[in-house]
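Spelled out, the chains give:
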Amino acid sequence: MPGVMAAAPTSCSPRGLIPARSSRASRPWAARAYADKRLVAENARVGSVHRMELETRIRNQLLRPELPPSSYDTAWVSMVPLRGSDHSPCFPQCVEWILKNQQDDGSWGINQFDSSVNKDALLSTLACVIALKRWNVGRENIWRGLHFIGRNVSVAMDVQATAPIGFNITFASMLSLATDMGLEFPIRQTDVHGILHLREMELKRQAVDDSCGRKAYMAYIAEGLGKMLDWDEVMKFQRNNGSLFSCPSATAVALIHKYNDQALQYLKLLVSEFGSAVPAVYPSKIHCQLLMVDALEKMGISRHFVSEIKCILDMTFSRWLQKDEEIMMDIATCAMAFRLLRMNSYDVSSDGLSHVAEASTFWNSLQGYLNDTKSILELYKASKVSLSENDLILDSIGSWSGKLLKDKLCSSRVQNTLVFGEMEYAVKFPFYATLDRLEHKRNIECFDAWGSLMLTTKCSSFCVNQEFLALAVEDFSFSQSVYQDELRHLDSWVKENMLDQLQFARQKLTYCYLSAAATIFPSEMSDARISWAKNGVLTTVVDDFFDVGGSREELENLIALVEKWHEHHADNFYSEQVKIVFSAIYATTNQLGAKASAAQGRDVTKHLAEIWLNLLRSMMMEAEWQRSQHVPTFEEYMTNSVISFALGPIVLPALYFVGQELLEHAVNDQEYDKLFRLMSTCGRLLNDIQGFEREGGQGKLNSISLLVLHSGSSMSIEAAKKAMQKSIDRSRRDLLRLVLRKESVIPRPCKELFWKMCKILHLFYFQTDGFSSPKEMVGAVNAVINEPLKIQTGDSSLSVSIR
């Protein structure tokens, strides 16, 4: 049973140009053709310019991320008095910014990508009003702000609305503070009581908790608790940079209640860095950059920013080794840094996550007390990037974080449906059982979910980056048009080689091409996709020929023809079936070999023919075992089956088409062989687990039945399946470790093809034999190749296609 496959490109013949002296008027079809070509060329030029502009803007953001100003945090910083003078602000420029940045409706801090009134805006507006009253300036601004709050106070009591961290406590406390300062709100007294009641309920609920996590939370929302806090206890959470939680508002209110030189220096640095308005979190450059790198990878456009991403990851790795606070003190950032660094071949140890190895230590953190979905999700993803069998830290994190995510999914406590979908997908599909292009499409269509997941501050400051989205949409839509052209070419190739006339053969062209397009996805990688897909089709045909389609004489004849290769003769064909199968293998391999040889600068066609010969001989051995009813040992079976699983002709020729020089000594190196065997072992055993009952009914032996048989039936079928699953997990981890290892004779892009095939196999054999199923993967085929993007915007969606 062969593995899964993919396909590649073909170029369409351009229309001929009309001779200069021809009369276009006398040839209306020619005039239309000429106009069409001009229009296509102009659209391509405009598209190219637009793409370059997008890439330039994104490149600048990657290296110099802009942190948007936070009205809320700026207001609290503006309230810090000059030391020794309670009547003068320490940062008058922040007061001036508040006066100049009120919205037309009287608010401050309206979300930039959502014009509706939300709790962020209420909290920011109240803070700004209090700040202006504190310094007795901006009477008109204060009046307009008070009336904005009065008009929208119902939002504050909407328990279903998304709220900033600590909103019920902070908003009510600030409302009381404003009233004590003499401010009069156009609000009914019953509404005030309702808001205060929500605070009392929240405080009572928390009073029974004496955990470190709760203490951290109280310090984090210090501006909502004021004199209720022991400020000496609060200052225990001060970081080396002088801040509390890298949060300007929390640091400012601490400085107001208890002078601290380090805290003052932190705020001075902040105002010096950003001018008159401060962000919601600082420092957060690494966090923002990692989010952007993750977003680019998720949407399939990271290849356009290789040097920028390397620069970011190099810097992150250096700071990781230094145990930098900005990374280590934020759980989500720490987990994301670990995952991105490890998957990009940086040597990071899971020891960096030891402080959250146990659920108890997570609960004792601020993020744990908040039951922060983003942190839990990032930890769960990080736990899956395991390279050894006994990584106790990652195993433990994976266990408790996975349980928490499942509990969240079952309890329906997640209000945001996009966030719910992100969690559900992560739990259901581990990163090693996904297809890249399916992932990209899903992430592009659900791009807004990341905005919600990144809400980790009291007032949100993250804005969905529409430029990332625009480039991803353009890239994916163009790729689809390429994929459709390639699939049409492959369909013609199948017919030209008469493969569709072989009655015994499964017609799996679309599945074969899916595995290519969904993993070797860049539009410029056409030759690799075509090689992958064509050989995928051929291995399926050959597998069926050996299983059901060919007689012993035909199989021997096919092997003899491949052994002779260029020396074969037309009268050597035993049957028409052999002629069709061999001719397709021969012609296709020579065509691909010629292209590969040109790309590599040396003749590789002989190697491609040898790959086919090895496959046919291993398939013949299995056919002989079945014909003679020979029962091989488990070791004999596995040694042969990693070849007979038929991934060789699919993956190995494609290595020559990924734009890297693959030297002959590298092909003969043990690492090359080990990569192939680990990949094929995963595929063989995954297939055996899913196909055990079907193949047993056909009288075939596989790894499961051999284990049971050679144990003298002391091992049950379920125990054998568990043993094979353990072997799959071990082989997958070993394969990933080899792929990520920097010291290698095999270029990284070549090694990645082994990993891509491993992912395909895990998805195809995830719950059933998806490759053999006529319908299991149809949805994936349509999603990657045919169906245009549907961008979700709030409750609506927009279809996007360039076709």
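A quick note: this is a predicted structure, and the numbers were derived from the prediction, not measured.

Visitor: Got a minute to help me understand the overall build of the chain in this structure?
Guide: Scanning the chain from N- to C-terminus turns up 37 helices and four strands. Counting all 803 residues of the chain, 56% fall into the buried class. Sequence-distant contacts in the chain: of pairs separated by 6 or more residues, those separated by 24 or more amount to 74%. When the accessible surface of the chain is summed, it comes to about 35,100 Å², and 52% of that surface belongs to carbon and sulfur atoms.

Visitor: Explanation requested: the packing of aromatic side chains in the structure shown.
Guide: For any pair of aromatic rings, geometry is given as the distance between the ring centres together with the angle between the planes. On inspection of all chains with the given rule, the structure shows 20 aromatic pairs. Between the aromatic rings of Phe-362 and Trp-400, the centroid separation amounts to 5.0 Å while the plane-to-plane angle is 35°, which identifies the pairing as tilted. Of this pair, Phe-362 sits in helix 17 (residues 359–363) while Trp-400 sits in helix 20 (residues 392–411), and the two are 38 residues apart along the sequence. You'll find Phe-362 and Trp-400 in the same group, each marked buried. Linked through ring pairs, Trp-565, Phe-573, Phe-582 and Tyr-586 together constitute an aromatic cluster. If you follow Arg-83 out to its NZ or CZ, it ends over the ring of Tyr-259, 3.8 Å from the centre. Lys-742 extends its terminal NZ or CZ atom over the ring of Tyr-346, reaching a point 4.7 Å from the ring centre.

Visitor: How do you make sense of the pattern of salt bridges when you look at a structure like this?
Guide: Counted under the stated rule, the structure contains 45 salt bridges. Among the salt bridges present, the one from Asp-324 reaches Arg-319, with a minimum N-O distance of 2.8 Å. Using a relative accessible area of 17% as the deciding quantity, one classes Asp-324 as buried. Within the structure, one salt-bridge network assembled from shared partners comprises Arg-51, Glu-55, Arg-59, Arg-303, Glu-308, Arg-437, Glu-474, Asp-475 and Glu-524.

Visitor: Where do I start with the side chain of Glu-486 in this structure?
Guide: Checked against the element boundaries, Glu-486 lands in helix 24 (residues 466–496). Taking the relative accessible area as the measure of exposure, Glu-486 reaches 1% and is therefore buried. Separated by 2.5 Å, the side chains of Glu-486 and Tyr-513 make a polar contact.

Visitor: What exactly am I supposed to notice about the environment of Phe-362 here?
Guide: Overall, Phe-362 belongs to the buried group, its relative accessible area being 0%. Put simply, Phe-362 and Trp-400 are 38 residues apart on the chain and 10.0 Å apart in space, counted from C-alpha to C-alpha. The residues contacting Phe-362, other than those within four sequence positions of it, are Ile-331, Gln-367, Gly-368, Ser-375, Ile-376, Leu-379, Trp-400 and Leu-404.

Visitor: Can you walk me through the pairing of strand 2 (residues 85–89) in this structure?
Guide: Sheet faces and side chains relate simply in a regular strand, where the side chains alternate between the two faces. With two bridges connecting them, strand 1 (residues 81–82) and strand 2 associate as antiparallel partners. Considered in strand 2, the bridge of Leu-82 is made with Ser-85. In this antiparallel pair of consecutive strands, strand 1 and strand 2, the connection spans two residues, and Gly-84 shows a positive phi of 85°.

Visitor: Looking at this structure, I do not really get the side chain of Ser-246. What am I missing?
Guide: As for its position among the elements, Ser-246 is in the loop between helix 10 (231–234) and helix 11 (248–257). What Ser-246 contacts, discounting residues up to four positions off in sequence, is Arg-239, Asn-241, Tyr-266, Ala-280, Val-281, Tyr-282 and Pro-283.

Visitor: It is not clear to me how the environment of Leu-662 should be interpreted in this structure. Could you clarify?
Guide: Turning to its location among the elements, Leu-662 is positioned in the loop between helix 31 (648–654) and helix 32 (664–667). Owing to a relative accessible area of 0%, Leu-662 belongs among the buried residues under this scheme. Leaving out residues up to four positions away in the same chain, Leu-662 has contacts with Gln-600, Arg-602, Leu-655, Tyr-656, Val-667, Ile-746, Pro-747 and Cys-750.

Visitor: Teacher, can you tell me more about a nonpolar patch on the surface here?
Guide: A cluster of nonpolar residues, Val-631, Leu-701 and Leu-709, forms a patch on the protein surface that exposes about 220 Å² of accessible area. According to the relative accessible area criterion, Leu-709 is partly exposed, its value standing at 46%.

Visitor: Can you help me understand the packing of helix 2 (residues 71–78) against helix 3 (residues 92–100) in this one?
Guide: The axes of two packed helices give the description: the angle between them and the distance between them. At a minimum axis distance of 8 Å, the contact between helix 2 and helix 3 shows a crossing angle of 135°. When the axis of helix 2 is compared with that of helix 3, the two are oblique. Crossing hand, helix 2 versus helix 3: left-handed. Residue-level inspection shows Ser-71, Thr-74, Ala-75, Val-77 and Ser-78 of helix 2 in contact with helix 3, the latter providing Cys-94, Val-95, Trp-97 and Ile-98.

Visitor: Which parts of the structure should I look at to understand unusual backbone geometry?
Guide: Across the chain, the bulk of peptide bonds are trans and the bulk of non-glycine residues have phi less than zero. In this structure, the amide linkage connecting Tyr-282 to the following residue, Pro-283, adopts the cis form with an omega of 0°. Relative to the helices and strands, Pro-283 is located in the loop between helix 12 (261–274) and helix 13 (285–298). Of note, the phi angle at Asn-136 is positive, near 55°, even though the residue is not glycine. Mapped onto the elements of the fold, Asn-136 is located in the loop between helix 4 (119–134) and helix 5 (139–151).

Visitor: Where do I start with the confidence of the model for the chain in this structure?
Guide: The predicted structure's coordinates, where accompanied by low pLDDT, should not be read in detail. Across the chain, pLDDT averages 88, with 88% of residues at or above 70. Of the regions scoring below 50 in pLDDT, residues 794–799 engages in nine contacts with residues more than four places distant in sequence or in other chains.

Visitor: Which parts of the structure should I look at to understand helix 27 (residues 552–564)?
Guide: Along an α-helix, a turn takes 3.6 residues, which lines up residues three or four apart on a common side. Its 13 residues place the ends of helix 27 19 Å apart at the C-alpha level, agreeing with the 18 Å of an ideal helix rising 1.5 Å per residue. Inspection of helix 27 places Glu-554, Leu-555, Asn-557, Leu-558, Ile-559, Leu-561 and Val-562 among the buried residues, and these make up the whole buried set. Packed against the buried residues of helix 27 are helix 26 (526–549), helix 28 (576–600) and helix 29 (605–628). Positive backbone phi, at 50°, marks Trp-565, one or two positions downstream of helix 27.

Visitor: What exactly am I supposed to notice about the packing of helix 16 (residues 331–343) against helix 19 (residues 373–383) here?
Guide: The N-to-C vectors of helix 16 and helix 19 enclose an angle of 25°; their axes lie 8 Å apart at closest approach. With respect to their mutual orientation, helix 16 and helix 19 come out roughly parallel. Handedness of the crossing formed by helix 16 with helix 19: left-handed. Counted together, Ile-331, Ala-332, Ala-335, Met-336, Phe-338 and Arg-339 of helix 16 and Lys-374, Ser-375, Glu-378, Leu-379, Lys-381 and Ala-382 of helix 19 form the full contact between these two elements. Partitioning the contact of helix 16 with helix 19 into residue classes produces seven nonpolar, one polar and four charged.

Visitor: Where do I start with the environment of Lys-742 in this structure?
Guide: With respect to the element layout, Lys-742 can be found in the loop between helix 35 (717–740) and helix 36 (748–764). Each C-alpha atom, one on Lys-742 and one on Asn-344, is 9.6 Å from the other, the two residues being 398 residues apart in sequence. With sequence-adjacent residues up to four places away left out, Lys-742 is seen in contact with Ser-345 and Tyr-346.

Quick notes on the rules
Throughout, residues of each chain are indexed from 1 in the direction in which the sequence is written. Reporting of local features is limited, given that this is a predicted model, to residues whose pLDDT is at least 70; pairs of side-chain atoms are given and counted only at 80 or more, and all residues count toward the totals for whole chains, interfaces and linings. Processing note: side-chain calculations cover all non-hydrogen atoms of the structure and skip hydrogens and water entirely. We count a stretch as a helix when DSSP gives it H or I for four or more residues in a row; a strand needs E for two or more, and each element gets its number in order from the N terminus. Think of it in three bands: with a 1.4 Å probe and only protein chains considered, a residue is buried below 20% of the maximum accessible area for its type, exposed above 50%, and partly exposed in between. Whether two residues are in contact is decided by their heavy atoms: any pair within 4.5 Å suffices. Per-residue and other accessible areas were derived by the Shrake-Rupley procedure at a 1.4 Å probe size, with only the shown protein chains allowed to occlude residues. Aromatic rings from Phe, Tyr and Trp, taking only the six-membered ring of Trp, are treated as a pair when their centres fall within 6.5 Å; an angle between ring planes under 30 degrees marks them as stacked, one over 60 as edge-to-face, and anything in between as tilted. Counted as over-ring charges are cases with an Arg CZ or a Lys NZ within 6 Å of the ring centre that also lie within 35 degrees of the ring normal. We define a salt bridge as a side-chain nitrogen of Lys or Arg found within 4 Å of a carboxyl oxygen belonging to Asp or Glu. Under this definition, polar contacts are N or O atom pairs within 3.5 Å; protein pairs additionally need one hydrogen-donor-capable and one acceptor-capable atom, and for neighbouring residues in sequence, both atoms have to be side-chain atoms. DSSP bridges decide pairing: two strands pair if at least two such bridges lie between them. Patches in this entry comprise residues that are over 30% relatively accessible and not in a salt bridge; like charges within 9 Å are linked, as are nonpolar side chains (Val, Leu, Ile, Met, Phe, Trp, Tyr) within 5 Å. Axis definition: a line fitted to C-alpha atoms, over the contacting stretch in the case of helices. Angles run 0 to 180 degrees between N-to-C directions. Note on angle classes: values under 35 degrees are labelled roughly parallel, values over 145 roughly antiparallel, values of 65 to 115 roughly perpendicular, and the remainder oblique. Working rule for handedness: look at the near helix, and if it is turned counterclockwise from the far one by less than a right angle, call the crossing left-handed; if clockwise, right-handed. A score between 0 and 100, pLDDT records how confident the predictor is in each residue. Under the convention used throughout, the expected extent of a helix is 1.5 Å for every residue step, that is, one less than its residue count. Ten residue types, Ala, Val, Leu, Ile, Met, Phe, Trp, Tyr, Cys and Pro, are classed as nonpolar, four, Asp, Glu, Lys and Arg, as charged, and the remainder, Gly among them, as polar.

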